[in-house]
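Listed below are the residues making up each chain.
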Amino acid sequence: TYRLGRRAAGHRWGGVGAMLLVALAGAFVNGALEAKPHLAAAALTLWAVHFALAFLQKRRRRDAVFLGLVGGLAFGFVLTGVAALLLCPALALALRRQPETRRDPAVWRRLALAAGLMLLVYALCNPYLLVNLALHPERVSGNLGNTAAMFPTANPLGGAVRTATLLAEACGLATLL
């Protein structure tokens, strides 16, 4: 959080402010007291964003590897970590817009490495998903049905507004901004 805030503000006080906003947010204080993976997934997703920005700027293999590892862990901990998984397509769109990287095969290989590592780490964190996909597909479809029932999509705009409201209540409006 500090590094992302410092990067956004351009100086260290932006990092300190961002760190304090997250540290004092009700959702994070409460999450730190529970034995659930959501806080860890959120922290790993922030690290994934950090490494995605570093990869976009410097195009280093090291950043791609760390992006893949922490992104896969975030997604492997809890399904809301899918936000980290979506960083690879977002990076592909951003890199495609840059003429110097559009035709550089090394950059695309590194991005593919990050995506592959994300999926591998996710599979290692959730080995029974692969087993059930192969041997008991009805279990997977049942679990997906339960998840879909918890998050109805009949009115996507209403769902988005409700999600934003809950985030503002849990994190504080300043954190969301």
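The coordinates are above.
Enquirer: Help me understand helix H4 (residues 38-58), please; the structure alone is not making it clear to me.
Expert: The periodicity of an α-helix, 3.6 residues per turn, causes residues three or four places apart in sequence to face the same way. In this model, H4 (21 residues) spans 30 Å end to end at C-alpha, consistent with the 30 Å of a helix rising 1.5 Å per residue. All of the buried residues along H4 are Ala41, Leu44, Thr45, Ala48, His50, Phe51, Ala52, Ala54 and Phe55. If you follow the buried residues of H4, they end up packed against helix H1 (2-9), helix H5 (61-77), helix H6 (82-85), helix H7 (87-96) and helix H9 (105-125). Looking one or two residues past H4, Arg59 carries a phi angle of roughly 60°, positive in sign.

Enquirer: For this particular structure, what's the right way to read a nonpolar patch on the surface?
Expert: A contiguous nonpolar patch, built from Tyr128, Val131 and Leu135 and spanning about 340 Å² of accessible area, is present on the exposed surface. Mapped onto the elements of the fold, Leu135 is located in helix H10 (residues 127-135).

Enquirer: I keep staring at the layout of surface pockets and nothing clicks. Help me out?
Expert: Empty space left among the atoms is revealed by rolling a probe the size of a water molecule over them. Put simply, the second largest pocket is a space of about 300 Å³. Together, eleven residues line the second largest pocket, and Leu79, Tyr122, Leu129, Asn143 and Leu144 are the ones closest to its centre. Mapped by element, the contributors of at least two residues to the lining of the second largest pocket are H10 and helix H11 (137-150). The element best represented in the lining of the second largest pocket is H11, accounting for five residues. Tallied by class, the residues present in the lining of the second largest pocket amount to six nonpolar, four polar and one charged.

Enquirer: I tried to follow the nonpolar core on my own but got confused; where do I start?
Expert: In summary, soluble globular proteins display a tendency toward joint burial of nonpolar side chains. Residues Ala48, Phe55, Leu67, Cys88, Leu91 and Leu111 are the most contacted members of the largest nonpolar core, which totals 18 residues. Among the elements of the structure, H4, H5, H7 and H9 are those that each provide at least two residues to this core. Of the residues forming this core, the biggest block, five residues, is contributed by H4.

Cut-offs applied
- Residues numbered from 1 in each chain as written.
- Predicted model: local features only at pLDDT ≥ 70, side-chain atom pairs only at ≥ 80, totals over all residues.
- Heavy atoms only, no water.
- Helix = DSSP H or I, 4+ residues; strand = E, 2+ residues; numbered from the N terminus.
- Expected span 1.5 Å × (residues − 1).
- Buried < 20%, exposed > 50% of the residue type's maximum accessible area, 1.4 Å probe, protein only.
- Contact = heavy atoms within 4.5 Å.
- Patch = residues over 30% accessible without salt bridge, like charges linked within 9 Å, V, L, I, M, F, W, Y side chains within 5 Å.
- Areas by Shrake-Rupley, 256 points an atom, 1.4 Å probe, with all protein chains shown as cover.
- Salt bridge = Lys/Arg side-chain N within 4 Å of Asp/Glu carboxyl O.
- 1 Å grid on protein atoms, 1.4 Å probe; cavity = no way out; pocket = protein on both sides within 12 Å on 5 of 7 lines; lining within 4 Å.
- Points joined across faces, edges and corners; volume = space filled by probe spheres on them.
- Nonpolar A, V, L, I, M, F, W, Y, C, P; charged D, E, K, R; others polar.
- Core = buried A, V, L, I, M, F, W, Y, C linked by side-chain atoms within 4.5 Å.

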